[in-house]
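What the coordinates show
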Amino acid sequence: MLPTVALVGRPNVGKSTLFNKLTRSRDALVADVPGLTRDRRYGRIALEESSATLIDTGGLFGEHVLADALTGQTQLAVNEADLVILLLDGREGVTAADEDVVTYLRKSNVQFLAVINKIDGLPEDQVALDFGRFGFSDYLLISASHSRGLKQLREAIEQRLADLDLPQEPEDLTLSSAIRVAVVGRPNVGKSTLVNRLIGEERQVVFDMPGTTKDAIDIPFTKDDTDFVLIDTAGVRRKGKVSEITEKFSVVKALDAMQRAHVVILVIDAAEGLVEQDLHVLEYALEAGAGMVIAVNKWDGLPLEQRDKVKKALDRRLTFVPWVPLEMISALHGTGVGVLLKKVQKIHKVGLFEVSTSALTRLLRNLVASHPAPSVRGRPIKVKVATRAGSHPPKLVIHGNQLSALPASYKKFLENGFREALNLIGNPIRIELRDSENPFAGKTNQLSQSQLDRRKRMLKYRKKSKN
């Protein structure tokens, strides 16, 4: 396992900015808004001769409606960390919240390194005088937004970790072979509760308030010897309902998560059913090409007599995507969550689309034999060969003649035929039509000498006739 370093401090001292700089990414949302980071975010920091896992946390002891939940998340990160970076704001100086954080870390008996941020334009002796009351044996001065002092910070982190004599085996946090699963939906439908239930721990802040999750959080975990990366996203609301600038970035992050995911779990509220905004989220996921499963949450809270009505309403509204499975769950109590994860694995396996060209071509010819392609201007459209072009989503290329004139209805017939024959549950299909090239296109015939002589005689004869 890699050593773990946690970024800790009161709200709005620049932890997410420093996280992005150290991990050389733009994963964490950054804005001049206290309480923006709400869940633990993991990344990798590359040091001179080693690597470490870096955890971005929410602010400790802040004055936010979610202060207790954010502090709980940060305390979990501190317990998990081998080294804590205590980030302080040099521009604002020492506050009561800073004193609380320092007291908490010292009582927790954890190794921590004090780092004073935002020191641009400040005299160092003034900063040292202000923070000298804490009696730090050593500290670093940096400006995360301007990358000032970051080299010294990396060196200090590596030295501290080396002094702790921790194992330095490489570990791939990106889990390139893992199944990437994005949990999406409207605000307050239970996405973070579902994520916590799937991984078996309180990783995400759960609060009865729409918009609690602001960022898209990647969470690697292993279940039954299978690696997953869960992506908990912010709720996607209608454009007119998105007000604050940070929420607009959150929606962008949610859409990006769908692009990266192998499978998308669309969480809906059983009591509210499938509303218009759920259909918009479903459309985003289909455009991204991800596998799909719809989790109908809070199912156990629905009266028995209402469940049948909800099922019929869902079937009626989802007639355009009959291949998307429905799973009735309760994220709070865990009902149906295990079945949901197995369905995700099945959809991912199907999305690999490991089918040979011969099998696809044979299936294509059977489909054409049962329902021949139409003719164009008296000439038949020839559908010849099908080849695999990619996975997640399944992609195939159909070769033939005059395919550009193939009606959309016939292309849909082929798509449905492939999906049914190959049991492509939960996966959209991308079909590319490719016309065979004419080998003689753009070429002119070379005339033989006898043909040239005959052409001259004909031109001479025509000239005489005109005279």
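Residues numbered from 1 in each chain as written. Predicted model: local features only at pLDDT ≥ 70, side-chain atom pairs only at ≥ 80, totals over all residues. Heavy atoms only, no water.

On to the overall build of the protein chain, then. Broken down by element type, the protein chain carries 13 helices and 17 strands. Buried residues in the protein chain amount to 50% of all 467 residues. The contacts in the protein chain between residues at least 6 apart in sequence include a share of 71% that link residues at least 24 apart. Accessible area for the protein chain stands at about 24,000 Å²; split by element, carbon and sulfur atoms hold 49% of it. (Helix = DSSP H or I, 4+ residues; strand = E, 2+ residues; numbered from the N terminus. Buried < 20%, exposed > 50% of the residue type's maximum accessible area, 1.4 Å probe, protein only. Contact = heavy atoms within 4.5 Å. Areas by Shrake-Rupley, 256 points an atom, 1.4 Å probe, with all protein chains shown as cover.)

In space, the three strands of this open sheet follow the order S15-S16-S17, with mixed pairing throughout. Unpaired on one side and paired on the other, strand S15 (382–390) and strand S17 (430–435) mark the two borders of the sheet. Taken over all neighbouring pairs, the strand axes of this sheet differ in orientation by 25° on average, direction set aside. Summarising the sheet, S15 and strand S16 (residues 395–401) pair through seven bridges and their orientation is antiparallel. The residue bridging Arg388 from the neighbouring strand is Leu396, located in S16. Sitting on the sheet, helix H11 (residues 357–370) touches S15 and S16, and the angle it makes with S15 is about 140°. Packing of helix H12 (residues 408–422) onto the sheet brings it into contact with S15, S16 and S17, and relative to S17 it is tilted by some 125°. (Pairing = 2+ DSSP bridges. Axes fitted to C-alpha atoms, helices over the stretch in contact; angles between N-to-C directions.)

Taken as a whole, this structure holds 17 salt bridges when the rule is applied. Here Arg10 ties to Glu92 by a salt bridge, and the two come within 3.3 Å at their closest N and O atoms. Pair noted here: Arg10 is in the loop between strand S1 (4–8) and helix H1 (15–23) and Glu92 is in the loop between strand S4 (83–89) and helix H3 (96–108), with a separation of 82 residues, a long-range link. Using a relative accessible area of 7% as the deciding quantity, one classes Arg10 as buried. Arg160 is the partner of Asp138 in a salt bridge, and the nearest nitrogen-oxygen pair spans 3.1 Å. With a gap of 22 residues between them, Asp138 in the loop between helix H4 (124–131) and strand S6 (139–141) and Arg160 in helix H5 (residues 150–164) connect regions that are remote in the sequence. (Salt bridge = Lys/Arg side-chain N within 4 Å of Asp/Glu carboxyl O.)

When you line up the elements, Glu415 lands in helix H12. With near-sequence residues (within four places) excluded, Glu415 lies in contact with Ile429 and Ile431.

Attention shifts here to a positive patch on the surface. Where like charges cluster on the molecular surface, the positive patch consists of Arg377, Arg379, Lys382 and Lys384. Secondary-structure assignment places Arg379 in strand S14 (residues 379–380). For Arg379, a relative accessible area of 55% puts it in the exposed group. (Patch = residues over 30% accessible without salt bridge, like charges linked within 9 Å, V, L, I, M, F, W, Y side chains within 5 Å. Lys, Arg positive; Asp, Glu negative; His and termini not counted. Charge placed at Lys NZ, Arg CZ, Asp CG, Glu CD.)

Turning next to unusual backbone geometry. The omega torsion across His392 and Pro393 is 5°, close enough to zero to call that bond cis. Looking at where Pro393 falls in the secondary structure, it is placed in the loop between S15 and S16. Phi at Asn188 takes a positive value of approximately 65°, unusual for a residue other than glycine. Take Asn188: its relative accessible area is 32%, and that puts it in the partly exposed class. Despite not being glycine, Phe353 shows a phi value in the positive range, around 55°. Its place among the elements puts Phe353 in the loop between helix H10 (337–351) and H11. On the basis of relative accessible area, Phe353 is assigned to the buried category, the value being 3%.

Okay, the nonpolar core next. In terms of nonpolar packing, the biggest core is built from 29 residues, with Val264, Leu266, Leu282 and Met292 touching the most fellow members. Of all elements in the fold, only strand S7 (179–185), helix H7 (245–260), strand S10 (263–269), helix H8 (276–288), strand S11 (291–297) and helix H9 (304–317) reach the threshold of two or more residues within this core. Sort the elements by how many residues they give to this core and H8 lands first, with six residues. In contact with Val264, other than residues within four places in its own chain, are Ala182, Val184, Met258, Ala285, Ala290, Gly291, Met292 and Val293. (Core = buried A, V, L, I, M, F, W, Y, C linked by side-chain atoms within 4.5 Å.)

Taking 1.5 Å per residue as the helical rise, H12 with its 15 residues ought to reach 21 Å, and the 21 Å between its terminal C-alpha atoms agrees with that figure. Among all positions of H12, only Tyr410, Leu414, Glu415, Gly417, Phe418 and Arg419 are buried. Contacts made by the buried residues of H12 are with H11, S15, S16 and S17. Among the residues trailing H12, Asn423 stands out with phi positive, at a value near 55°. (Expected span 1.5 Å × (residues − 1).)

Taken as a whole, the protein chain shows an average pLDDT of 80; of its residues, 80% reach a score of 70 or greater. Note that residues 62–67 has pLDDT below 50 and, in this model, eleven contacts with residues that lie over four places away or in other chains. (pLDDT = per-residue confidence, 0-100.)

This paragraph deals with the pairing of strand S3 (residues 51–56). Across the six residues that make up S3, a large majority, five, are buried. Note: S1 against S3, four bridges, orientation parallel. What sits directly across from Val5, in S3, is Leu54.

With that settled, consider the environment of Val5. Summarising the element assignment, Val5 is placed in strand S1. C-alpha of Val5 to C-alpha of Val78: the two residues are 73 residues apart in sequence and 8.6 Å apart in space. Not counting chain neighbours up to four residues away, the residues in contact with Val5 comprise Ala52, Thr53, Leu54, Ile55, Leu83, Ile85, Ile157 and Leu161.

Counted according to the given criterion, the structure contains four aromatic pairs. One aromatic cluster is present, built from ring pairs that chain together Phe112, Phe134 and Phe136. (Phe/Tyr/Trp six-rings, centres within 6.5 Å; stacked < 30°, edge-to-face > 60°.)

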